[in-house]
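Structure assessment
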Amino acid sequence: MARKFIAALSDSSLFLREWLANPQHTGAVAPSSPHLTAAMADWLPLDRDAYVLELGPGTGAVTDALLKRGLREDRLIAIEHNPNLAKLLHKRFPRAHIINGDAWHLDQLLRDCPECITQVGAVISSLPLLNFSQEQADALGLKIRSILDSKGSWVQYSYQIGRRRSRGTGEFRLVASKIVWFNLPPARVSVYQK
Ligand SMILES: C[S@@+](CC[C@H](N)C(=O)[O-])C[C@H]1O[C@@H](n2cnc3c(N)ncnc32)[C@H](O)[C@@H]1O
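Now for a look at the structure at hand. (Residues numbered from 1 in each chain as written. Predicted model: local features only at pLDDT ≥ 70, side-chain atom pairs only at ≥ 80, totals over all residues.)

**Quick word on the overall build of the chain**
How we decide: Strands here mean DSSP runs of E at least two residues long; helices mean DSSP runs of H or I at least four residues long; both are numbered from the N terminus. In this setup the radius of gyration rests on C-alpha atoms only. A globule is expected at 2.2 Å times the number of residues raised to 0.38. Here a residue counts as buried when 20 or more other C-beta atoms fall within 10 Å of its C-beta, as exposed when 12 or fewer do, and as partly exposed in between; the C-beta atoms come from the backbone. In this description, any two residues whose backbone-derived C-beta atoms lie within 7 Å of each other are considered to be in contact.
A tally of regular secondary structure across the chain gives seven helices and seven strands. Sequence-ordered secondary structure for the chain, helices as α and strands as β, is α-α-α-β-α-β-α-β-α-β-α-β-β-β. Taking 194 residues into account, the globule formula puts the C-alpha radius of gyration at 16 Å, and the chain, at 15 Å, falls close to it. Dimensions of the chain along its principal axes, counting C-alpha atoms only, are 45 × 40 × 30 Å. Taking all 194 residues of the chain together, the buried fraction comes to 40%. The long-range share in the chain, meaning contacts at least 24 apart out of those at least 6 apart in sequence, stands at 66%.

Here it is, written out as structure tokens:
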């Protein structure tokens, strides 16, 4: 219990430090709450062999929830832009494919992965899309569309809780959306499919 508390505290202080260094990219002052991460993990694919692509894993709060919900670690690919956070994730999830790179290059990064992954069963994203332009978000949406399998879901949270749709999702159907109040700040989790 004490160890868990200390780990959470050290993740929060690391997050805050990274936010102070680069607020626009970090996008939040603290890791997501267990309520928010559980809501994201609800949308794992049923096929246990399917790959899942996580975008913007940060200190691994959502990652941890995905694995606890049954995702095999070797089926997780996570793209994190911040090298300090990517280093931490490597240590924390040694069997996952942790990529230190830009989510906007996901097509190239997945092609360069050891197994050359062309399709994923879900995209679980914490990217702060509000901090990117409409054009950038649309470009990302198209890349996600091309990698997501026909029944797969793109799960995205946003702090703009009044809007059900996030930027860049225009080419997708909105299949579910809910507000998670127990998070700092409250967030909306929306789910999109092709
Ligand atoms: C709001 S934080 C979410 C962190 C974690 N998933 C959570 O929910 O606690 C957003 C994360 O996206 C990462 N990020 C921002 N821009 C990125 C990009 N272009 N490619 C990959 N990761 C990016 C940030 O470094 C940060 O870790």
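**Considerations on the site of the ligand**
Condition: In this entry, near means the residue's backbone-placed C-beta atom lies within 6 Å of the molecule or strand. Classes in brief: Ala, Val, Leu, Ile, Met, Phe, Trp, Tyr, Cys and Pro nonpolar; Asp, Glu, Lys and Arg charged; the others, Gly included, polar.
Taken together, 23 residues form the shell around the ligand, and within it S32, G56, G58, A103 and S126 come nearest. At the level of elements, helix 2 (23-26), helix 4 (61-68) and strand 2 (76-80) are the ones that each hand at least two residues to the shell around the ligand. For the shell around the ligand, a count of residues per class yields twelve nonpolar, nine polar and two charged.

**Some words on the sheet that holds strand 6 (residues 173-180)**
Threshold: We call two strands paired when DSSP finds no fewer than two bridges between them. To obtain each axis, a line is fitted to C-alpha atoms, and for helices this fit is confined to the stretch in contact; angles are then taken between N-to-C directions over 0 to 180 degrees.
Taken together, the seven strands give an open sheet; going across it, the order is 3-2-1-4-5-7-6, and neighbouring strands pair in mixed fashion. The open sheet has two free edges, formed respectively by strand 3 (97-100) and strand 6, since each of these has just one partner strand. Going from strand to strand, the sheet's axes swing by 15° on average, the running direction of each strand aside. In terms of strand pairing, strand 1 (residues 52-55) meets strand 2 through four bridges, oriented parallel. Looking at the pairing, E54 lines up with A78 of strand 2. Running at roughly 165° to strand 3, helix 5 (residues 83-92) makes contact with strand 2 and strand 3 of the sheet. Where helix 7 (residues 134-147) meets the sheet, its contacts fall on strand 1, strand 4 (120-125) and strand 5 (148-158), and the angle it forms with strand 5 comes to roughly 145°.

**Structural notes on the pairing of strand 5**
Under the convention used in this document: Classification remark: right-handed applies to a crossover when, strands pointing away from the viewer, the course from the first strand over the helix to the second runs clockwise.
Across the eleven residues of strand 5, eight count as buried, placing the element largely inside the fold. Sheet topology note: the strand 4/strand 5 ladder contains five bridges and is parallel. Looking at the pairing, S125 lines up with Q156 of strand 5. Considered for its hand, the β-α-β crossover made up of strand 4, helix 7 and strand 5 is right-handed. Pairing of strand 5 with strand 7 (residues 187-193) involves five bridges; the strand directions are antiparallel. Residue pairing for strand 7: V155 is matched across the bridge by V191.

**A word on unusual backbone geometry**
Most of the time, phi is negative for any residue but glycine, and the peptide bond is trans. Here the amide bond leading from L184 into P185 is cis, since omega sits at -5°, within 30 degrees of zero. Along the chain, P185 falls in the loop between strand 6 and strand 7.

**Side note on the nonpolar core**
Put simply, the test is: In these notes, a nonpolar core means any group of buried Ala, Val, Leu, Ile, Met, Phe, Trp, Tyr and Cys residues linked to one another through C-beta atoms within 7 Å.
Judged by nonpolar contacts, the single largest core of 46 residues is most densely connected at M40, V52, L66 and V123. Leaving out residues up to four positions away in the same chain, V123 has contacts with L53, L55, I144, L148 and W154.

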